[in-house]
Amino acid sequence: MALIIRDWAASWKEASAVLLRYFNPVGADASGRIGEDPNGIPNNLVPYISQVAVGRLKHLNVFGTDYKTRDGTGERDYIHVEDLARAHLAAIQFSGTSKGCEAINVGTGQGATVLEMVKAFEHASGRAVPYKIGPRRDGDVARSLAAVDKAERLLGWKANLDVADMCRTTWNWQSTNPNGYAQD
Ligand code: UDP
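Treat the numbers as computed from the prediction; the structure is a model and nothing was measured. (Residues numbered from 1 in each chain as written. Predicted model: local features only at pLDDT ≥ 70, side-chain atom pairs only at ≥ 80, totals over all residues. Heavy atoms only, no water.)

Hey, could you run me through the packing of aromatic side chains in this one?
Two descriptors summarise a pair of aromatic rings, namely the distance from one centre to the other and the angle between the planes of the rings. The tally for this structure, following the rule as stated, stands at three aromatic pairs. Both rings, one in F121 and one in W171, keep their centres 6.1 Å apart while their planes meet at 85°; by these two values the pair is edge-to-face. Pair noted here: F121 is in helix α4 (residues 114-125) and W171 is in helix α6 (residues 163-176), with a separation of 50 residues, a long-range link. What makes F121 buried here is its relative accessible area of 1%. With 4.8 Å between their ring centres and 45° between their planes, W173 and Y181 make a pair best called tilted. The class of Y181 is partly exposed, set by a relative accessible area of 46%. Above the ring of Y67, the side-chain terminus of R136 is found at 4.0 Å from the ring centroid. (Phe/Tyr/Trp six-rings, centres within 6.5 Å; stacked < 30°, edge-to-face > 60°. Helix = DSSP H or I, 4+ residues; strand = E, 2+ residues; numbered from the N terminus. Buried < 20%, exposed > 50% of the residue type's maximum accessible area, 1.4 Å probe, protein only. Lys NZ or Arg CZ within 6 Å of the ring centre and 35° of its normal.)

This is the structure in structure tokens:
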């Protein structure tokens, strides 16, 4: 898809395209009415933790503790969905005045490990998040962090919300919607 957009932008001098490279979007709308409700067992860390905290899943499986990170667990750049939404608005505004195609990272530039996310979620929810250490997941990298200078330079955008905000809003959504969007 990115290639098609790049080709399109290269083929027409008036074209303007912005490719937003999402890092790890998490969190929920401040209203508590819109949140993440994956089908089946969540693949991603934060929805999984959240479903453990609310009692839908027994424990988190931590995929590897032998990475070269602060505590051996995988480190990612989590970005709040509200910040992500603002990045889209900034990108639309930017594309009104720019030409060509730009790929722009959307992250905070700050990393959190799996165990740091567990702690942050326990703090935000007041619930225990039991976990078991397991093997690495195939295909995972140790760390993935965004370089955020381009977003700030071109879009005038930067993330405002941190991991505590991500966990607080996720828990607000999950605790008021323990079964997600399913009807009770
Ligand atoms: N992870 C984990 N247990 C899970 C899901 C994810 O330990 O049940 C770890 C995963 O190995 C990675 C981090 O949490 O280090 C973020 O994983 P996620 O799938 O959310 O994002 P991605 O790996 O695609 O960046």
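Having seen it, we continue.
What is the right way to read α4 from this model?
An α-helical turn contains 3.6 residues, so a residue and the one three or four places further along point in the same direction. Here α4 spans 16 Å end to end across twelve residues, near enough to the 16 Å set by a 1.5 Å rise per residue. When we look at burial in α4, the residues that qualify are V114, L115, M117, V118, A120, F121 and S125. With its phi angle positive at about 70°, G126 sits one or two positions after the end of α4. (Expected span 1.5 Å × (residues − 1).)

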